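Results of the structural survey
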Amino acid sequence: MTKIYFMQLAEDGPIEKFVGLMPDGEEPEGTIASFEFKKDQSTLANRYSLKDGKLVDDYPDDDDEAVCVKEQEAEAAAAKKLEDDLKKGE
Amino acid sequence: MAFIPSSGGGGGSIPRSGGFAGSYGQRACYVLFTYQSGHGNSFTFLNQDFGPLTPYHDLYAQHTYITKSSAQRYHNGQFMNDQMVYFNQYNGTTSQSSSSSSDFMNTFASNTQLGCPFGNFYSDGSFTGVYNQSNGIRHNWFSRKLIIPSDHSNRAINYLIHNGKLMARKVGDGRDYPAYPGTQDTTTISGINQSFMGMGCYNNTLKEFLLPHAEVTGSSGIVNVQRYTNFDLDAYPSPTDAFANATLDSTFQWTPGNWPSNSNESRYNAKWVLRNDGKLIHTVFFAGGGGMRTYVANRPTDGAATNGTHVNSISNTTSYGSDHGVQYGQHIVQSRDGKFVGIASPYYYYWTGFNAMFIHMENTHPNGTTNTYQDTSSSTSAQILPYRDTDLMVSRGINGYASSGSGPQFARMYNVQKNSSGEATILQSTMNGTKPGMYTGANTTSYVPMFAVTDYGSLKYSTNSKATQPFNNTINIGA
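Residues numbered from 1 in each chain as written. Chains lettered and ligands numbered in written order. Predicted model: local features only at pLDDT ≥ 70, side-chain atom pairs only at ≥ 80, totals over all residues.

Along its length, chain B carries 3 helices and 26 strands. Going through the 479 residues of chain B one by one, you find that 57% of them count as buried. Intrachain contacts of chain B at a sequence separation of at least 6 include 62% that bridge at least 24 residues. (Helix = DSSP H or I, 4+ residues; strand = E, 2+ residues; numbered from the N terminus. Buried ≥ 20, exposed ≤ 12 C-beta atoms within 10 Å, placed from the backbone. Contact = placed C-beta atoms within 7 Å.)

Moving on, we come to the overall build of chain A. Per the secondary structure count, chain A includes 1 helix and 5 strands. Element order for chain A, N to C, with α for helix and β for strand: β-β-β-β-β-α. In terms of overall size, chain A is more extended than a compact globule, its C-alpha atoms giving a radius of gyration of 16 Å where 90 residues would be expected to give roughly 12 Å. Overall, chain A is about 55 × 35 × 25 Å in size when its C-alpha atoms are taken along their principal axes. When the 90 residues of chain A are sorted by exposure, 21% land in the buried category. When contacts within chain A are restricted to residue pairs at least 6 apart in sequence, those whose partners lie at least 24 apart make up 38%. (Rg over C-alpha atoms; globule rule 2.2 N^0.38 Å.)

On to the sheet that holds strand β21 (residues 391-396) of chain B. Residue and element names in this part refer to chain B. In space, the 4 strands of this open sheet follow the order β20-β21-β23-β24, with antiparallel pairing throughout. On the outer flanks of this sheet lie β20 (382-387) and β24 (424-430), each paired with one strand and no other. Averaged over all adjacent pairs, the angle separating strand axes in this sheet is 20 degrees, with direction ignored. Bridge count between β21 and strand β23 (residues 409-418): 5 bridges; the pairing is antiparallel. By the bridge assignment for β23, S395 is matched with F410. (Pairing = 2+ DSSP bridges. Axes fitted to C-alpha atoms, helices over the stretch in contact; angles between N-to-C directions.)

Bridging between strand β1 (residues 3-7) of chain A and strand β2 (residues 16-21) of chain A involves 5 bridges; their strand directions are antiparallel. What sits directly across from Y5 of chain A, in β2 of chain A, is F18 of chain A. In the sheet, β2 of chain A pairs with strand β15 (residues 306-314) of chain B via 2 bridges, with the strands oriented antiparallel. In the strand pairing of β15 of chain B, G20 of chain A is matched with I314 of chain B.

Residues and elements named next belong to chain A. Annotation of chain A at the domain level lists domain 1 (1-58) and domain 2 (60-90). Here the C-alpha centroids of domain 1 and domain 2 sit 24 Å apart. Taken together, the contacts link 5 residues of domain 1 with 5 residues of domain 2. Residue composition of the side of domain 1 that touches domain 2, by class: 1 nonpolar, 2 polar and 2 charged. (Domains from an automatic or database assignment. Nonpolar A, V, L, I, M, F, W, Y, C, P; charged D, E, K, R; others polar.)

This part is about the interface of chain A and chain B. Facing the 29 residues of chain A at the interface are 27 residues of chain B. Tallying contributions element by element places helix α1 (residues 64-89) of chain A first for the side of chain A that touches chain B, with 11 residues. A breakdown of the residues in the side of chain A that touches chain B according to their chemical character gives 14 nonpolar, 6 polar and 9 charged.

This part is about the pairing of strand β18 (residues 354-360) of chain B. Residue and element names in this part refer to chain B. Most of β18 sits inside the fold, with 7 of its 7 residues counted as buried. Going residue by residue along β18, you find F354, A356, F358 and H360 tucked away on one face and N355, M357 and I359 tucked away on the opposite face as well. In this structure, β18 lies alongside strand β19 (residues 371-375), joined through 5 bridges in antiparallel fashion. Residue pairing in the sheet places F354 in a bridge with D375 of β19.

Right, let's talk about the environment of A246 of chain B for a bit. On the secondary structure map, A246 of chain B appears in the loop between α2 (239-244) and β11 (247-256). Not counting chain neighbours up to four residues away, the residues in contact with A246 of chain B comprise F209, Y228, T229, N230 and F231 of chain B.

All names here are of chain B. Here chain B averages 86 in pLDDT, and 85% of its residues register 70 or above. In the model, residues 1-18 has pLDDT below 50 throughout and makes 41 contacts with residues more than four positions away in sequence or in other chains. The model gives residues 58-73 a pLDDT under 50, and that stretch makes 25 contacts with residues more than four places away or in other chains. Predicted complex metrics record ipTM = 0.93 and pTM = 0.92. (pLDDT = per-residue confidence, 0-100.)

All names here are of chain B. Read from one edge to the other, the open sheet built from 4 strands follows the order β16-β17-β18-β19, with strand pairing classed as antiparallel. Each edge of the open sheet is held by one strand with a lone partner, namely β16 (331-334) and β19. The average angle at which neighbouring strand axes cross in this sheet is 20 degrees, direction not considered.

Per-residue pLDDT for chain A has a mean of 91; in total, 98% of the residues score no lower than 70. The least confident element of chain A, judged by mean pLDDT, is α1 of chain A at 88; the most confident is strand β5 (residues 54-57) of chain A at 98.

Residue and element names in this part refer to chain B. Residue position: Q334 is located in strand β16. Taking the C-beta count within 10 Å as the criterion, Q334 has 25 such neighbours and is therefore assigned buried. With 186 residues separating them along the chain, Q334 and I148 place their C-alpha atoms 9.7 Å apart.

This part is about the environment of S378 of chain B. You can see S378 of chain B is positioned in the loop between β19 and β20. Put simply, S378 of chain B and Q96 of chain B are 282 residues apart on the chain and 9.1 Å apart in space, counted from C-alpha to C-alpha. Setting aside chain neighbours within four positions, we find S378 of chain B in contact with N46, C68, E71 and Q72 of chain A together with S98, Y348, T352 and G353 of chain B.

Right, here's the structure in full:
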């Protein structure tokens, strides 16, 4: 069964996500929470986060493609902000 | 051009006495590549442990590494520039790879078994562009898919399967290059499906070669696999000689369970690994949502039909494989000794995100479970890098800007640990936040890829960073 796993491999490390099938009930190293997907539920890792031990869909109104596009736009905006900030400091 | 120790004309090998570019006393093992506003593309060589080598781009504003070679342009006397080596035909490092089909420099395939896709960079600091008549600037991207997992000893050779032929090529050389010196490509193997790319696997301990030969139904991944015994690529590096001295022991039908969809990628670009314990692992990239999957079983020695059990899956989303162009699809990256095989595919569209399986030939996990890594970014990607003589790493191509402290970061190390019986277990270590010894320092947004030098496999890791000995005494570029 495909599941989403949240892992933290170091005590102060970031929480990482993995969506896939692990054999015989094994879990990825550092797993702190995992959830099975319901029938017809999106398996796009990008839309989910772990909050208070629960699986939360951060984009309930968006389809998968829209989630990825929003993520791209956020990356581009962050890159521009970094560039602008550094130019101000020059 | 390549920095492979020469045979000296009499077999064996001669350790190289010089160092990087003949002066620094160290060889290069990795490269960081970036775009420098106002100057064009530039790159920095790193040593075997990712320490800076040259040029040193600490103060990016002062960097003047504009020309990359003393080679002159024919007729007009200008120094070599980006146009001459085709770097200008790629989407540079200033933009994220996102969902575009463009030829980005920073992708899940920025490091391959051929090294960098857009240039051949060698351990002595030399480099060439990549171009040929068949696939243009995409030649390395195409040829990376043809390389089969193989732990033969002469790591100056990659073995490729395409058009129904087994070929030996010098590292850095793709399909259309001349055969490795002293070797001869096979003729088209009778009855083989000539669309199969890099489908086959060699195990040097077992002296066994498995060759997916033809589809049975054209669907569900069911193929007939030829099993050759006494196949010895150390004794007979030439493919024709290896076949001539081997035995076609049997042919078995392989049926993978739980096959989600047919495509050229899933049918023709699967990757196979045969472990020392006889476990066969068939890894398939199902683009567009089927994920990356492994199918595992003991390979039969009596020709019995065999079902591959679906063991591992890594999910993906909208993504594309070899159906969509010669440059797309999954590929392998091997450790220097050839025994550890990383298999990488995108998570999102053509190049972005990253899914990878890590399979060691000496691993004995009874289920054939693999190590996995997933990067679900729709904006950036990651690369598999070889490390030391036996290990693999994952490096993420994160945006860096000047000295902002960002740029490529390591994510995982897969370190091989062997017991007294020679069985390998894989120690997976998080490396989040660690970085190469320097950042190449572009003065603009830059998604910096990192890749191994083309001839990485032919040189040995050493506690002495200035050592330049070959990986082993079978490294030989021939006459």
